Structures are given as C-alpha cells and as structure tokens.
Amino acid sequence: QVQLVESGGGLVQAGGSLRLSCAASGRTFSSYAMGWFRQAPGKEREFVAAITRSGLSTYYADSVKGRFTISRDNAKSTVYLQMNSLKPEDTAVYYCNAVLSPWNYWGQGTQVTVSS
C-alpha cells in the first residue's frame with residue numbers, strides 16, 4: 001500500500017507560481033505511474049498531469065499545457081507539480097495519484113486558490 005501526502009498549496013495572485021509536492025510512503029515508489037488531478041467546487045475531478053515510472057514521459061491536460069510541469073524524484077519518493085502563470089480557473093483542490101494496476105491510490109488533497 002502507498003500513502004500519499006500533498007503539500008505546497010496556498011493562495012496566490014493570478015500570474016503567480018506554486019510548486020506542489022507529493023511525498024509517498026513505501027519502498028516501491030518507482031513502480032508507480034504518478035499523476036495530479038484537481039477538483040473545483042461543484043465540478044468533477046479532472047486530470048491535470050501524469051508522469052511515467054521512469055519520468056521519461058509526461059502528459060498534460062490542454063488547459064495547463066505550457067504552464068504546468070510534472071516531475072518526480074524516485075530517490076526521494078516524491079512527485080512535483082510546478083505551476084506557473086496561474087489563472088483564477090486553476091483554483092481547486094489538487095490531488096496526487098499513484099497507479100500500479102490494479103491498485104490506485106489518492107492523497108488527501110491540497111487547496112490552491114488563485115485570486116484575480
């Protein structure tokens with residue numbers, strides 16, 4: 001089992017930056033594909049970004065492409081989401097996700113609020 005703990009959320013003005021971190025427990029972090037999702041009030045949870053086990057391939061939602069960067073440090077069992085040029089519509093709770101089929105794990109989420 002994997003436990004995920006997100007950090008780095010907060011309040012930022014539009015155009016600003018934040019870096020989210022997700023620390024994973026366990027010794028098999030490098031076996032998991034990792035991702036970030038977000039959920040805004042009244043909306044469904046949506047995909048933001050994902051990274052393969054090796055970190056060689058990354059994937060992004062169109063809405064964040066060019067502004068957000070996902071990365072991972074397998075030695076530290078941590079995945080990151082660098083968010084630049086933030087917009088008010090990026091306001092949401094951001095969740096870390098770890099997948100090793102058939103297992104799928106979620107963190108508790110961290111709030112990101114972007115003011116206009």
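Up top is the structure.
Presented here is an overview of the structure given in this document. (Residues numbered from 1 in each chain as written. Predicted model: local features only at pLDDT ≥ 70, side-chain atom pairs only at ≥ 80, totals over all residues. Heavy atoms only, no water.)

Pairing is antiparallel in the open sheet, where four strands are placed in the order 1-3-8-7. Each end of this open sheet is capped by a strand with a single partner; those strands are strand 1 (4-7) and strand 7 (68-73). Across the sheet, the mean angle from the axis of one strand to that of its neighbour is 15°, orientation sign disregarded. Note that strand 7 and strand 8 (residues 78-83) share six bridges and pair antiparallel. Its bridge partner being in strand 8, S71 is matched across the sheet by Y80. (Pairing = 2+ DSSP bridges. Helix = DSSP H or I, 4+ residues; strand = E, 2+ residues; numbered from the N terminus. Axes fitted to C-alpha atoms, helices over the stretch in contact; angles between N-to-C directions.)

Core analysis: the largest hydrophobic core is formed by 31 residues, its most contacted members being L4, M34, W36, V79, L81, M83 and Y94. Put simply, the parts of the chain that give this core at least two residues each are strand 3 (18-24), strand 4 (33-39), strand 5 (46-51), strand 7, strand 8, strand 9 (92-100) and strand 11 (110-115). Among residues more than four places away in sequence, those in contact with M34 are L4, C22, F29, A49, A50, I51, I70, R72, V79, C96, N97 and A98. (Core = buried A, V, L, I, M, F, W, Y, C linked by side-chain atoms within 4.5 Å. Buried < 20%, exposed > 50% of the residue type's maximum accessible area, 1.4 Å probe, protein only. Contact = heavy atoms within 4.5 Å.)

Let us look at the pattern of salt bridges. Any two side chains of opposite charge can pair if their charged atoms end up close together. Summed over the entire model, instances satisfying the criterion amount to four salt bridges. One salt bridge connects R38 with E46, and the closest N-O pair in it is separated by 2.6 Å. The exposure class assigned to E46 is partly exposed, which follows from its relative accessible area of 35%. Among the salt bridges present, the one from R38 reaches D90, with a minimum N-O distance of 2.9 Å. Linking R38 in strand 4 with D90 in the loop between strand 8 and strand 9, this pair joins segments that are 52 residues apart in sequence. Look at R38 and you get buried, because its relative accessible area is 6%. Taken together, the shared-partner salt bridges in this structure form one network comprising R38, E46, R67 and D90. (Salt bridge = Lys/Arg side-chain N within 4 Å of Asp/Glu carboxyl O.)

The description of an aromatic ring pair rests on the distance of the ring centres and on the angle between the ring planes. Applying the stated rule across the entire model yields three aromatic pairs. For the ring pair F37 and W106, a centre distance of 5.0 Å and an interplane angle of 70° mean the geometry is edge-to-face. Here the residue F37 occupies a position in strand 4, and W106 occupies one in strand 10 (residues 103-106), the gap between them amounting to 69 residues. For W106, a relative accessible area of 37% translates into the label partly exposed. Among the aromatic residues, ring-to-ring pairing joins F37, F47 and W106 into one connected group. Above the face of the Y95 ring, R45 is positioned so that its terminal group lies 3.7 Å from the ring centre. Taking NZ or CZ as reference, R45 lies 4.6 Å from the ring centre of W106, over its face. (Phe/Tyr/Trp six-rings, centres within 6.5 Å; stacked < 30°, edge-to-face > 60°. Lys NZ or Arg CZ within 6 Å of the ring centre and 35° of its normal.)

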